[in-house]
Amino acid sequence: MYILLAISALIFLVLALRVNINVKYEDELTVYLRVLFVKIKLFPQKSKKFNAKKYEEKLKKNQDKPSVKLKEKSEADKEKAELSETISIITDTVKVFFKAFSKHLHVKLAKIHVTVATPDAAKTAILYGAVSGAAACLLDLLDEITNLDKIKNSSIVIEPDFVAQKSDVRINITLSMSILGALITLVKTLLKYINLKYIKPKGN
């Protein structure tokens with residue numbers, strides 16, 4: 001009897017554990033999955049070993065193709081695209097987990113600090129407008145998952161700096177769900193897949 005109770009309590013404790021997904025950007029985007037003290041790197045993956053033979057073959061193919069000269073973007077346009085794209089990539093990353101675990105996912109930490117700066121004040125204002133639009137999409141998504149006003153560990157600062165010369169982006173988002181919630185979602189997904197793959201075709 002006591003053994004069964006102990007096993008039940010252990011299973012309950014394991015299922016109640018939280019799985020944390022940390023999406024962080026400081027110079028580069030990193031995504032980690034963590035359960036207690038176990039930390040697994042999801043992105044970026046380990047770089048593949050350089051293959052000289054494949055590189056030479058690819059180089060020869062590119063040489064055979066006619067060269068097309070493209071109009072180079074200005075530094076302001078490049079930075080505008082890079083900053084907006086960075087925030088959009090982070091939004092898409094969070095969206096992937098949200099779509100998979102929407103009912104069980106919560107925002108545990110949301111720190112978004114973006115300082116927009118360029119050597120030119122007018123360009124800074126334009127860049128700030130573009131970055132604000134991209135950041136608004138990310139904030140709407142996080143608010144949809146968990147009301148950001150209820151999160152103690154949240155700090156949202158998006159501002160222009162007309163004195164600094166370079167923009168600074170520091171984003172740290174932690175999504176959390178229970179192991180039970182993750183298992184329920186995975187089982188539902190598996191059952192849905194079996195139903196679509198094997199059961200429905202037989203009825204047609």
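As a reminder, the structure under discussion sits directly above these lines.
Residues numbered from 1 in each chain as written. Predicted model: local features only at pLDDT ≥ 70, side-chain atom pairs only at ≥ 80, totals over all residues. Heavy atoms only, no water.

(A) Spotlight on the overall build of the chain. Counting its secondary structure elements, the chain contains 5 helices and 6 strands. Of the regular secondary structure in the chain, the N- to C-terminal order runs α-β-β-β-α-α-β-α-β-β-α. Put simply, 78% of the contacts in the chain that link residues at least 6 apart link residues at least 24 apart. (Helix = DSSP H or I, 4+ residues; strand = E, 2+ residues; numbered from the N terminus. Contact = heavy atoms within 4.5 Å.)

(B) Inspection of the pattern of salt bridges at higher detail. Counting across every chain of the model gives 2 salt bridges. Arginine 170 is the salt-bridge partner of glutamate 26, the closest N and O atoms lying 3.6 Å from each other. You can see glutamate 26 sitting in strand S1 (residues 18–26) and its partner arginine 170 sitting in strand S6 (residues 168–178), a full 144 residues away along the chain. The closest approach of N and O atoms between aspartate 168 and arginine 170, which form a salt bridge, is 3.1 Å. The partly exposed category is assigned to aspartate 168, whose relative accessible area is 32%. The class for arginine 170 is partly exposed, based on a relative accessible area of 41%. Shared partners join several salt bridges into a network, and the residues in it are Glu26, Asp168 and Arg170. (Salt bridge = Lys/Arg side-chain N within 4 Å of Asp/Glu carboxyl O. Buried < 20%, exposed > 50% of the residue type's maximum accessible area, 1.4 Å probe, protein only.)

(C) Representation of the pairing of S6 in the model. Summarising burial for S6: 9 of the 11 residues are buried, a large majority. Sheet analysis places S1 next to S6, joined by 8 bridges and oriented antiparallel. If you follow isoleucine 21 over to S6, its bridge partner there is leucine 175. Bridge count between strand S4 (residues 106–116) and S6: 9 bridges; the pairing is antiparallel. Residue pairing for S6: valine 114 is matched across the bridge by valine 169. (Pairing = 2+ DSSP bridges.)

(D) The nonpolar core, seen in detail. Judged by nonpolar contacts, the single largest core of 36 residues is most densely connected at Leu142 and Leu175. Every element with two or more residues in this core is listed here: S1, strand S2 (28–35), helix H3 (75–101), S4, helix H4 (121–145), S6 and helix H5 (179–203). Per-element tally for this core: the top contributor is H4, with 8 residues. With residues up to four places along the chain from it excluded, the contact list for leucine 142 reads Val94, Val107, Ala110, Ile112, Leu148 and Ile173. (Core = buried A, V, L, I, M, F, W, Y, C linked by side-chain atoms within 4.5 Å.)

(E) The arrangement of the sheet that holds S1 in detail. As summarised here, the arrangement of the 6 strands in space is S3-S2-S1-S6-S4-S5, forming an open sheet in which the pairing is mixed. Of all strands in the sheet, those bounded by a partner on one side alone are strand S3 (38–43) and strand S5 (154–160). Strand-to-strand twist across the sheet, computed as the mean angle between neighbouring axes with direction ignored, equals 15°. Sheet topology note: the S2/S3 ladder contains 5 bridges and is antiparallel. Bridge assignment links arginine 34 to a residue of S3, and that residue is lysine 39. Here H4 sits on the sheet and contacts S4, S5 and S6; the angle it forms with S4, its principal contact strand, is near 175°. (Axes fitted to C-alpha atoms, helices over the stretch in contact; angles between N-to-C directions.)

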